[in-house]
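Listed below are the residues making up each chain.
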Protein chains: 2
Amino acid sequence: MSHQFNIVGKPNRKVDALQKTSGQTLYAADLSLPRMLHCKILRSIHPHARIVAIDTSAAQALPGVIAVITGRDLPNKFGILPVSQDEESLAVEKVRYVGDPVAAVAAVDEETAQAALKHVQVEYEVLPPVMSIEEGLQPLDGREPIHAYADQENIHKLVALEFGEVEAGFAEADLIQEDVFLRGQHPLAAGRTRRAGPLRSQWQTDRLGSTQCPHYVHKAMAGVLDLPPSRIRIIAPPTGGGFGGKTDPFNHEMIVAKLAMLTGRPVKIVLTREEVFYAHRGRHPVLMRVKTGVKRRLDHGYALSVLLDGGGYVSYGVASTYYTGALQTVTYNLPAYKFDGARVFTNKPACGPKRGHGTPQPRFALEVQLDKMAGKLGLNPLDLRLKHLARPYTETANHLTVTTIGLGECLEAVAERSDFREKYGKLPFGKGLGLACGAYITGAGLPIYWNKMPHSGVQIKIDRGGGVTVFCGSTDIGQGSDSVLAYIVAEELGVTVNDIALVTADTDLAPVDLGSYSSRVTLMTGNAAIQAARKLRALLFETAARELMVPAESLAARDNVVFCLDDEARRIPFPELVKLAEAQHGTLGAVGSYTPPRRGGRYRGAGVGPTPAYTYSACVAAVEVDADTGEVRVEKIWIAHDVGRAINPLLVEGQVEGSVYMGLGEALMEEQVFRRGLHKIPSMLDYKSPTFLETPDIETILIETNDPEGPYGAKEAGQGPLLPVPPAIANAVYDAVGVRIDETPITPEKVFKALREKARGGEGRVGPKRVPHIIFPEPVQVESRWGQPAE
Amino acid sequence: MSHQFNIVGKPNRKVDALQKTSGQTLYAADLSLPRMLHCKILRSIHPHARIVAIDTSAAQALPGVIAVITGRDLPNKFGILPVSQDEESLAVEKVRYVGDPVAAVAAVDEETAQAALKHVQVEYEVLPPVMSIEEGLQPLDGREPIHAYADQENIHKLVALEFGEVEAGFAEADLIQEDVFLRGQHPLAAGRTRRAGPLRSQWQTDRLGSTQCPHYVHKAMAGVLDLPPSRIRIIAPPTGGGFGGKTDPFNHEMIVAKLAMLTGRPVKIVLTREEVFYAHRGRHPVLMRVKTGVKRRLDHGYALSVLLDGGGYVSYGVASTYYTGALQTVTYNLPAYKFDGARVFTNKPACGPKRGHGTPQPRFALEVQLDKMAGKLGLNPLDLRLKHLARPYTETANHLTVTTIGLGECLEAVAERSDFREKYGKLPFGKGLGLACGAYITGAGLPIYWNKMPHSGVQIKIDRGGGVTVFCGSTDIGQGSDSVLAYIVAEELGVTVNDIALVTADTDLAPVDLGSYSSRVTLMTGNAAIQAARKLRALLFETAARELMVPAESLAARDNVVFCLDDEARRIPFPELVKLAEAQHGTLGAVGSYTPPRRGGRYRGAGVGPTPAYTYSACVAAVEVDADTGEVRVEKIWIAHDVGRAINPLLVEGQVEGSVYMGLGEALMEEQVFRRGLHKIPSMLDYKSPTFLETPDIETILIETNDPEGPYGAKEAGQGPLLPVPPAIANAVYDAVGVRIDETPITPEKVFKALREKARGGEGRVGPKRVPHIIFPEPVQVESRWGQPAE
């Protein structure tokens, strides 16, 4: 049916567009319940300290205060990964960053709760903090580690893998390039504050909160509260953006749940913007050393060493460490690949998964390094990349199975639109073009929990009035996943989008979908929805065939009519058909589910990287650099993205443009600076991110490769397009003024400094000089699967 | 599995008990939404009038008034039955009772809306009203009929049926008894006011209202608003009682929906108690002539003529007319039966289905007449009834298929407990015992709409956390239908009731269940739930059998554990099993549905009366009558009810006691008196219904006949037990003081009058003297099926 879609592929309106644009959407902070209490959290003022004593009696005695809790009330730890159960809802013995929750108050209003915090007496024994990767690598020499369980002192996680013979590759290479890069720290500055609540305190009633993954919160909360999951219901109300930062279960969610249980009343918390800068999951700052050898058509050996600044807790940190290495192999031919990674605990908020999760940092390093190598080889950067493209339907060195690859088309498209081949290297001083690529997963091949079980489930009910209700545990965090579900079911059943009612993000009502992370939703819920819808379509077509006296195979459905393809006059309206079908088959309901194919290698960490389908992006950035001030102005971004199939091109373009915008901010201005554990600028007034004025014209080209695993061929669009943007800008800066800024953000100060250094005869580079010495374990040697045909 | 229930048959707590008893249940009137408007309705002050003109401009101009509508804004008529589409949301051309809605206002608060009503100018042309059955039967002589479409002038509906040879039966009878009875008018004085709203005005969003039948409101509203049903969602919030009075779609529901569409804002209406006395569906007052012939063991011919006072609109009136005749045949052997019925339009609020729907009135007549005949035959009333009991698994004269009959056990039980055989006729003057029986349906065999389609649908989803969610369109109106669904699914799956989450009374989320009327819910949703649950149990047991390496047939489930019956140590906890089963089968969801067997005869009106199963009740009332004042005090009620199977005996007893209470009120005090179309006492302060002080000790005996069509054998309990109460009390009054009060309510005035009349040598009877002459059509002659074995 790929040749004649009715809804798929068209720029349909989002199902929640009217509510959102008319201000009628109720976000968690808008919700209110009778007898609701308000919660405020007392947070640590020290980056690293031992809790000697907490006295809550004065706070408890305040009129209007209903309950005060500390860590002793919530002793069970939690975390997002099975191996990461290191977070406490409220710190029990020690605090690990400024902002770590220590006590919580439920009171009749926010002001009373806030006032009560001042009456909680906490006695701390201050410990020396660890505030950077470098400090985290220093020997402890008797100092207390941040956590007791790390792989090595304050080094949380050490990974060393080698696929094939990397040194042998280097030995044969014509050119070897080695560089050091830094991607700096920045938080997740989504426009909306995080919030949880209100919580209805009845056993087995509703907790509401802003989360990307209600089912993971469900599981974590059952553990924290010592309740069977059947007694807990998580509802995620509409969320104004997630970007990875709302993937983890959070301590404030556990806190309000516990307070609601204790008080028997709903409890609501709305974090302030300042709190969000602490209680968040930003992108890991990563210091990287990259070494690449090239010989004729093939990269001959590639080695990547990375050091991640993990902050005070694990979050997704184990996965983040592996991810930082995993996806380097899927864009270009890399027969041999060596990856060393170390994640360091520091006394800052935990870093976790931000858009692109672990992959934008090494992608920056790889794409800037390739640009440097192209220069040395005298090749146009476009040609260097085109020559070395990975081949579709093969495996990579690290055993990732790649199916469709639209990267070549992406490169050709952005190059043609930007006239890259003609203009690169030939623009006047101060103007430049830069090219870079990226790749990302469409959902993780392995689940975080619940191995071998469906990643997405969909249940559909058809009402005899003609309405269709779709139940799915997925969470629309603004990306449009509700809309995509509606388009797909409407397409399959031949109804209009307006006939679809959606029930999502509710653990009681909807089957499990793992959540809105890893760009998994369209592919996984889409496949589950197609399966469920086709079961119902079969029942409907069976009835229609009987009524119209034609074979079921000759039937199609469109615009609320089922008709015979050979004779469109033989037709039956959908609402009439569902009545006949219900009379024949009974209540019309069906389930569908999706479990991704089991791919990936047989080595430790192989679970991070395999996906049903990889997406590819290519980006050209045109910049203008003011050599007098170092200011970089991005004039235009051309971006092409291989989305497999655009189920709604308008939504895909929105995702691509959003990714470009975020990449632009990370490239040029976003930076989180700490001073003795305190954020220097925990406010949106001071924190820099691009405004409308700094956002250039963006030209988006969608490439459709029709992936066999995607619903109608669709792959992801929400994260991948971010990846090429920062390196494309860095490369464009070089093309414009001849300096290399090998760390983000590329601030005017850095550009100005590099220009001045170059004018004085220097290298004209700003970036880390070296990666601190660290003894990685002997790498696990794994046979390279590079070039093997995909099963 | 009937021999070893885990949950069924036990006095489990209601699923909503904690919320209700702790005041946390939010009824419709408790709900509030942002930007919500408040609606007030201007109602006719005339019982019968033509609307000449309406001017809403002054009301519209008031500050705070957002919209004013009249009948021209809602031209489409509606009604509950397909043949009854005579109601207007707002009167267009004429009004037919005091209270008929004429205009409606939506304003920013209730006070403004109320104030605006005074500014709506309505010019009426007053028409002569029809205020009683007698007036309704008078020839029009040029007067305007209330409706133009009635069968004959103001006679809405005329029915005349004869099954077998009634006159031939009378000719052979040893005794013929002929009486005239009146069951007076009373409204539905449920404790809670009716309300609808708030309505979310977005297309395809939520309307909330207090209704017994959300799916019928859904259908009716689609017609009134000219919208496809898929764009309308009806949610019935918890309802504090229905009793039939919330079965119809109501005009105030249409009005708030239209106002919400016009204003783009939610609109709420809460009717005042006075309004509820007008905008309600009370029980039809029925004037009855009953003639019974008896010969030895069998009733030889039975003729019933009834005149119903229908009020101004149809409501369920066509069905009510047939019902008034239909169920007279299922308790005793009646080889030949003749029924004449006429429903008269009057200028009062429409009468409709109140607990027992049409059947308590003729049951009163039959049971009191039998008492009189027993006296004449010198038989104990118990023996007369026992001799003439209908036989199980046979057909009746009017083609009703009766399966299980527990009436004999019911009679024996109440007689034994009350010592009826010994004490009847032998108590001192002023004390008396009375006996009566009743029978009722367990759901209607034919639907109101949607012929041949399921009457109930259930969809179940099992979460991998172990929670089970049950979706069903049924409406818990206090009777406990949500609880019964939970018990049944928990029984089938072997989980605890706390593991069940319920989603009911929501047209978007739940499959259609026709609604909480006709005592249909336990049987029909119960069967649908069993079907759906057993599909899932089969999947779970298949997985468990594989895991435990035992045959699936050897497995059972209880208390969240699936185990092998032969070896209980072979077991697997339910939450663990669902994960394994989901891994094996995909998302665990299933549907079930129930369509009743098609029974009933092939004559017009045969659709009213057939049911999957009839219930039976017997009642003994002990009264004390104060001969000086005529006051009747009921000392005790013994009631036995054949419920088939008590899924929760505590809930069944609650239903039985509630029925007794309502029957007590109808027997002794409830009466709705009109004066020129106005209620004399439209307030709960003045309107008499029993308080705790007037409610006697009630002894309930449950008889379980295990009906083959019921879920685990269950039949209804919510309506049938009302039926024998009023005649038992009337018969007890006769036993106490020797007077016959042949009309309800049996007030002290009537008893006193009868005693005085008797003292003066009269008959000692108060009641209608005659039934007005009315020419019924020749009865449709139908062959009697009496005594035929059930198919």
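See the structure printed just above.
What counts and what doesn't
- Residues numbered from 1 in each chain as written.
- Chains lettered and ligands numbered in written order.
- Predicted model: local features only at pLDDT ≥ 70, side-chain atom pairs only at ≥ 80, totals over all residues.
- Heavy atoms only, no water.
- Axes fitted to C-alpha atoms, helices over the stretch in contact; angles between N-to-C directions.
- Helix = DSSP H or I, 4+ residues; strand = E, 2+ residues; numbered from the N terminus.
- Parallel < 35°, antiparallel > 145°, perpendicular 65-115°, else oblique.
- Contact = heavy atoms within 4.5 Å.
- Nonpolar A, V, L, I, M, F, W, Y, C, P; charged D, E, K, R; others polar.
- Expected span 1.5 Å × (residues − 1).
- Salt bridge = Lys/Arg side-chain N within 4 Å of Asp/Glu carboxyl O.
- Buried < 20%, exposed > 50% of the residue type's maximum accessible area, 1.4 Å probe, protein only.
- Pairing = 2+ DSSP bridges.
- Least-squares fit on C-alpha atoms with pLDDT ≥ 70 in both.
- Patch = residues over 30% accessible without salt bridge, like charges linked within 9 Å, V, L, I, M, F, W, Y side chains within 5 Å.
- Areas by Shrake-Rupley, 256 points an atom, 1.4 Å probe, with all protein chains shown as cover.
- Lys, Arg positive; Asp, Glu negative; His and termini not counted.
- Charge placed at Lys NZ, Arg CZ, Asp CG, Glu CD.
- Phe/Tyr/Trp six-rings, centres within 6.5 Å; stacked < 30°, edge-to-face > 60°.

**Student:** Mind laying out the packing of helix α15 (residues 521-548) of chain B against helix α16 (residues 574-585) of chain B, listing which residues take part and the relevant values?
**Tutor:** Residue and element names in this part refer to chain B. In the contact formed by α15 and α16, the axes pass within 9 Å of each other and the chain directions differ by 100°. For the element pair α15 / α16, the angle class is roughly perpendicular. Here L539, L540, E542, T543, A544, R546 and E547 of α15 come into contact with α16, specifically with F574, L577, V578, L580, A581, Q584 and H585. In the contact of α15 with α16, the residues fall into eight nonpolar, three polar and three charged.

**Student:** Describe helix α15 (residues 521-548) of chain A, with residues and values.
**Tutor:** Compared with an ideal rise of 1.5 Å per residue, which puts 28 residues at 40 Å, α15 of chain A spans 37 Å between its outermost C-alpha atoms and is within 8% of the ideal. Positive phi shows up at M549 of chain A, right after α15 of chain A, with a value of about 55°.

**Student:** Tell me about the pattern of salt bridges, and please be specific about residues and values.
**Tutor:** Two side chains bearing opposite charge may form a pair once their charged atoms approach each other closely. For the structure on display, the rule yields 76 salt bridges over all chains. Notably, a salt bridge pairs D513 of chain A with R520 of chain A, separated by 2.9 Å at the nearest N-O pair. Between K461 of chain B and D463 of chain B there is a salt bridge, with the nearest N and O atoms lying 4.0 Å from each other. We classify D463 of chain B as buried; its relative accessible area is 6%. A network of salt bridges, in which partner residues are shared, links D179, K372, D742 and R765 of chain A.

**Student:** Give a detailed account of the sheet that holds strand β23 (residues 500-504) of chain A, specifying residues and quantitative values.
**Tutor:** Remark on secondary structure: sheet strands pair via backbone hydrogen bonds, oriented parallel or antiparallel. Residue and element names in this part refer to chain A. Here four strands make up an open sheet; going across it, the order is β23-β22-β21-β27 and the pairing mixed. The open sheet has two edge strands with one neighbour each: β23 and β27 (588-594). Each strand axis lies, on average, 15° off the axis of its neighbour in the sheet, ignoring direction. Bridge count for strand β21 (residues 456-462) against β27 is seven bridges, and the pairing is antiparallel. Bridged to Q459 within β27 is V591. Running at roughly 135° to β23, helix α14 (residues 481-493) makes contact with β21, β22 (468-472) and β23 of the sheet. Across the face of the sheet, helix α16 (residues 574-585) comes into contact with β21, β22 and β27 while running at roughly 95° to β27.

**Student:** Give me the relation of the copies chain A and chain B: which residues, what numbers.
**Tutor:** Overlaying chain A with chain B gives an RMSD of 0.1 Å, the required rotation being 180° about an axis along which the chain moves by 0.0 Å. Look at the turn and shift together and you get a two-fold axis relating the two. Judged by C-alpha distance, A590 of chain A is the residue of chain A that lies nearest the rotation axis, at 3.4 Å.

**Student:** I'd like a rundown of the environment of Y424 of chain A, residues and numbers included.
**Tutor:** All names here are of chain A. Structurally, the position occupied by Y424 is in the loop between α13 (420-423) and β20 (431-441). Its relative accessible area of 17% is what places Y424 among the buried residues. It is 9.6 Å that separates the C-alpha atoms of Y424 and L382, two residues lying 42 residues apart in sequence.

**Student:** How would you sum up a negative patch on the surface? Please name residues and give values.
**Tutor:** On the surface, a cluster of negative charge is contributed by D626, D628, E631 and E694 of chain A. When you line up the elements, D626 of chain A lands in strand β28 (residues 614-626).

**Student:** Residue-level account of the packing of aromatic side chains, with values.
**Tutor:** Here the structure, examined in full by the defined rule, presents 28 aromatic pairs over all chains. Where F181 of chain A meets F364 of chain A, the ring centres are 6.0 Å apart and the plane angle is 85°; that geometry is what we call edge-to-face. Residue F181 of chain A is found in strand β8 (residues 175-183), and its partner F364 of chain A is found in helix α10 (residues 360-377); the two are separated by 183 residues along the sequence. By the burial criterion, F181 of chain A is buried, and F364 of chain A matches it. Judged by centre distance (5.2 Å) and plane angle (80°), the ring pair of F5 of chain B and Y712 of chain B falls under edge-to-face. Of this pair, F5 of chain B sits in the segment before α1 (17-21) while Y712 of chain B sits in the loop between β32 (697-703) and α18 (725-737), and the two are 707 residues apart along the sequence. Of the two residues, F5 of chain B and Y712 of chain B, both sit in the buried class.

**Student:** Tell me about helix α14 (residues 481-493) of chain B, and name the residues and values.
**Tutor:** Over its 13 residues, α14 of chain B extends 18 Å from the first C-alpha to the last, a length consistent with the 18 Å expected when each residue adds 1.5 Å. Once α14 of chain B finishes, G494 of chain B follows within two positions and takes phi at roughly 75°, a positive value.

**Student:** Explain the pairing of strand β29 (residues 631-642) of chain B to me, and be specific about the residues and the numbers.
**Tutor:** In summary, the side chains of a regular strand alternate between the two faces of the sheet. Residue and element names in this part refer to chain B. A large share of β29 lies buried, amounting to nine of its 12 residues. Here strand β28 (residues 614-626) pairs with β29 via 11 bridges, running antiparallel. Note on β29: the bridge partner recorded for Y616 is D642. Here β28 folds back onto β29, and the loop between the two strands holds four residues, one of which, G630, carries a positive phi near 80°. Note: β29 against β32, seven bridges, orientation parallel. Opposite I637, over in β32, you have I698 as the bridge partner.

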